[in-house]
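These are the residues of each chain, in order.
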Amino acid sequence: TFATMAGLTTGLLITQYNVPLFAAMAIALVIAGLVGLLVALPALRLGGLPLALATLALALIGDNVLFQWNWLDNNTSGWTMPRPVIGPVNLASNKTMAIVLLVLCGLIMLLIRNLKRSSWGRGIAAVRSSEMAASTSGVAPLRIKLGLFAISAVIAGLGGICYVTFQASASNTATPAIDSLLWLATVVLFGI
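Criteria and thresholds
Residues numbered from 1 in each chain as written. Predicted model: local features only at pLDDT ≥ 70, side-chain atom pairs only at ≥ 80, totals over all residues. Heavy atoms only, no water. Patch = residues over 30% accessible without salt bridge, like charges linked within 9 Å, V, L, I, M, F, W, Y side chains within 5 Å. Areas by Shrake-Rupley, 256 points an atom, 1.4 Å probe, with all protein chains shown as cover. Salt bridge = Lys/Arg side-chain N within 4 Å of Asp/Glu carboxyl O. Helix = DSSP H or I, 4+ residues; strand = E, 2+ residues; numbered from the N terminus. Phe/Tyr/Trp six-rings, centres within 6.5 Å; stacked < 30°, edge-to-face > 60°. Lys NZ or Arg CZ within 6 Å of the ring centre and 35° of its normal. 1 Å grid on protein atoms, 1.4 Å probe; cavity = no way out; pocket = protein on both sides within 12 Å on 5 of 7 lines; lining within 4 Å. Points joined across faces, edges and corners; volume = space filled by probe spheres on them. Buried < 20%, exposed > 50% of the residue type's maximum accessible area, 1.4 Å probe, protein only. Lys, Arg positive; Asp, Glu negative; His and termini not counted. Charge placed at Lys NZ, Arg CZ, Asp CG, Glu CD. Contact = heavy atoms within 4.5 Å. Axes fitted to C-alpha atoms, helices over the stretch in contact; angles between N-to-C directions. Left-handed = near helix turned anticlockwise from the far one by under 90°. Nonpolar A, V, L, I, M, F, W, Y, C, P; charged D, E, K, R; others polar. Expected span 1.5 Å × (residues − 1).

What to know about a nonpolar patch on the surface
Phase 1: Residues I61, V65, W69 and W71 make up a contiguous nonpolar surface patch of roughly 440 Å² in combined accessible area.
Phase 2: Mapped onto the elements of the fold, I61 is located in helix 3 (residues 49-64).

Quick notes on the packing of aromatic side chains
Phase 1: Applying the stated criterion across every chain, the model contains zero aromatic pairs.
Phase 2: The residue whose ring lies beneath R83 is F166, and the NZ or CZ to ring-centre distance is 5.1 Å.

Describing empty space enclosed by the protein
Phase 1: Evaluation of the coordinates by the stated rule reveals one cavity of 30 Å³ or more.
Phase 2: As a volume, the largest cavity reaches approximately 30 Å³.
Phase 3: Put simply, the parts of the chain that give the lining of the largest cavity at least two residues each are helix 1 (2-17) and helix 8 (141-167).
Phase 4: Ranked by residue count, the leading element in the lining of the largest cavity is helix 1, at four residues.

Points about the pattern of salt bridges
Phase 1: Applying the stated criterion across every chain yields a total of one salt bridge.
Phase 2: Residue E131 is joined to K145 by a salt bridge in which the shortest nitrogen-to-oxygen separation is 2.5 Å. Of this pair, E131 sits in helix 7 (residues 131-136) while K145 sits in helix 8; the two residues are 14 residues apart in sequence, bridging distant segments of the chain.
Phase 3: Take K145: its relative accessible area is 24%, and that puts it in the partly exposed class.

Here we look at a positive patch on the surface
Phase 1: On the surface, a cluster of positive charge is contributed by R113, K116, R117 and R128.
Phase 2: With three residues, the top contributor of residues to the positive patch is helix 5 (residues 94-117).
Phase 3: Mapped onto the elements of the fold, R128 is located in helix 6 (residues 119-129).

With respect to the environment of D63
Phase 1: Checked against the element boundaries, D63 lands in helix 3.
Phase 2: Overall, D63 belongs to the buried group, its relative accessible area being 14%.
Phase 3: Once the C-alpha coordinates of D63 and I178 are considered, the two residues, 115 residues apart in sequence, prove to be 9.2 Å apart.
Phase 4: Not counting the four nearest positions on each side in its chain, D63 is found in contact with Q68, N172, T175, P176 and A177.

Looking at the layout of surface pockets
Phase 1: Counted as a void, the largest pocket has a volume near 2,300 Å³.
Phase 2: The wall of the largest pocket is formed by 50 residues, among which L51, T55, F149, S152 and V187 lie closest to the centre.
Phase 3: Breaking the lining of the largest pocket down by element, the ones donating at least two residues are helix 1, helix 2 (21-43), helix 3, helix 5, helix 6, helix 8 and helix 9 (180-190).
Phase 4: Per-element tally for the lining of the largest pocket: the top contributor is helix 8, with 11 residues.

Focus: the packing of helix 1 against helix 2
Phase 1: Put simply, helix 1 and helix 2 touch, their axes get as near as 8 Å, and they point 145° apart. Every pair of crossing elements has a handedness; the one defined by helix 1 and helix 2 is right-handed. Contacts between helix 1 and helix 2 involve F2, M5, A6, T9, T10, L13 and I14 on the former and, on the latter, L21, A24, M25, I27, A28, I31, A32, V35, G36 and V39.
Phase 2: The residue inventory of the contact of helix 1 with helix 2, partitioned by class, reads 14 nonpolar, three polar and no charged.

Comments concerning helix 1
Phase 1: Between the first and last C-alpha of helix 1 there are 21 Å, a value that for 16 residues agrees with the 22 Å anticipated at 1.5 Å per step.
Phase 2: Counting buried residues in helix 1 gives 13 out of 16 residues, a clear majority hidden from the surface.
Phase 3: Positive backbone phi, at 55°, marks N18, one or two positions downstream of helix 1.

Now the structure itself:
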């Protein structure tokens, strides 16, 4: 849901409102984070598999209701996404684009690793271990959960934007919700 929404929002802003690519990407990521916060509110009481199923239900609702709106998906034809030019690097070539996306993945992994080692990461670990003990030691579980959900929504939105930029087209079929079942099965089978 977050990937599709960010991709469609970026395409809409570029095509309909002539917003520059990187500004449209930033706006789409902010929207993805805000929707992540909105989704987190009812899902806070859930954990583990029920939370995964609730977010999968959200994905199905997004696919079957929200992303069917003509103004958002350009009457089911989608939006044309330009390949960006970053300084001297032109991403028109698939090879160059793949290398840049690989570097971006490395940067995201580095940020996540640094987050885990930060005080906020220790707060996440404390809330995961015991919410009651974490709140007793001054960590706000609600703030941690909301922030973590928003960050994950932004990362998913960034992945969606990168995917539709690579495909040069953003549509409501770019990242179907049914593909989420694969990720849910992966999480359940490997116990992540």
